[in-house]
Amino acid sequence: MSDFRKHLERSLQDEGFAWEWEEQSAERDVMCRIVEARTEQGLTQQELAERCGMRPSNLCRLENGNGNPSVATLEKIARGLGKKLEINFV
């Protein structure tokens, strides 16, 4: 088990941390899906950013979970990946 996973497991024992972690699950999911789609296509952040018409630093921030993208930005990223943005409530 990685040091990160060990640290996360210990941190999740704290009620406040666990609540915050759960609250941010949607953001983490979006971030992971962007990274997965980009790497599956063999694209660098620079290449995807160019396709999306955005600065690479902005894409990097989103992939690192340090941004809060608008639906319009997610749509740009989807188009840059040759995909369609779909939002579901489950």
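This text goes with the structure placed above it.
Quantities reported herein were computed from a predicted structural model and do not represent experimental measurements. (Residues numbered from 1 in each chain as written. Predicted model: local features only at pLDDT ≥ 70, side-chain atom pairs only at ≥ 80, totals over all residues. Heavy atoms only, no water.)

K.L.:
How should the nonpolar core be read in this particular structure?
P.N.:
As a rule of thumb, soluble globular proteins bury nonpolar side chains together. With 12 residues, the main nonpolar core is built from Ile-34, Ala-37, Leu-43, Leu-48, Ala-49, Cys-52, Met-54, Leu-59, Leu-62, Leu-74, Ile-77 and Leu-81. Secondary structure elements with two or more residues in this core: helix H3 (25-40), helix H4 (45-52), helix H5 (56-63) and helix H6 (71-80). In terms of residue count, the dominant contributor to this core is H4 (3 residues). (Core = buried A, V, L, I, M, F, W, Y, C linked by side-chain atoms within 4.5 Å. Buried < 20%, exposed > 50% of the residue type's maximum accessible area, 1.4 Å probe, protein only. Helix = DSSP H or I, 4+ residues; strand = E, 2+ residues; numbered from the N terminus.)

K.L.:
Looking at this model, I keep getting lost on the layout of surface pockets. Mind explaining?
P.N.:
If you roll a probe as big as a water molecule over the atoms, it shows you where there is empty space left. Reported here for the largest pocket is a volume of approximately 910 Å³. Surrounding the largest pocket, 28 residues form its lining, Val-30, Arg-33, Leu-74, Leu-85 and Glu-86 being those nearest its centre. Put simply, the parts of the chain that give the lining of the largest pocket at least two residues each are H3 and H6. Looking at the lining of the largest pocket element by element, the count peaks at 10 residues for H3. A breakdown of the residues in the lining of the largest pocket according to their chemical character gives 16 nonpolar, 4 polar and 8 charged. (1 Å grid on protein atoms, 1.4 Å probe; cavity = no way out; pocket = protein on both sides within 12 Å on 5 of 7 lines; lining within 4 Å. Points joined across faces, edges and corners; volume = space filled by probe spheres on them. Nonpolar A, V, L, I, M, F, W, Y, C, P; charged D, E, K, R; others polar.)

K.L.:
Looking at this structure, how should I read the side chain of Arg-38?
P.N.:
In this fold, Arg-38 is placed in helix H3. Among the residues examined, Arg-38 registers a relative accessible area of 10% and is labelled buried. Once you skip the residues sitting within four places of it in the chain, Arg-38 turns out to touch Leu-43, Thr-44, Gln-45, Leu-48, Glu-63 and Leu-81. (Contact = heavy atoms within 4.5 Å.)

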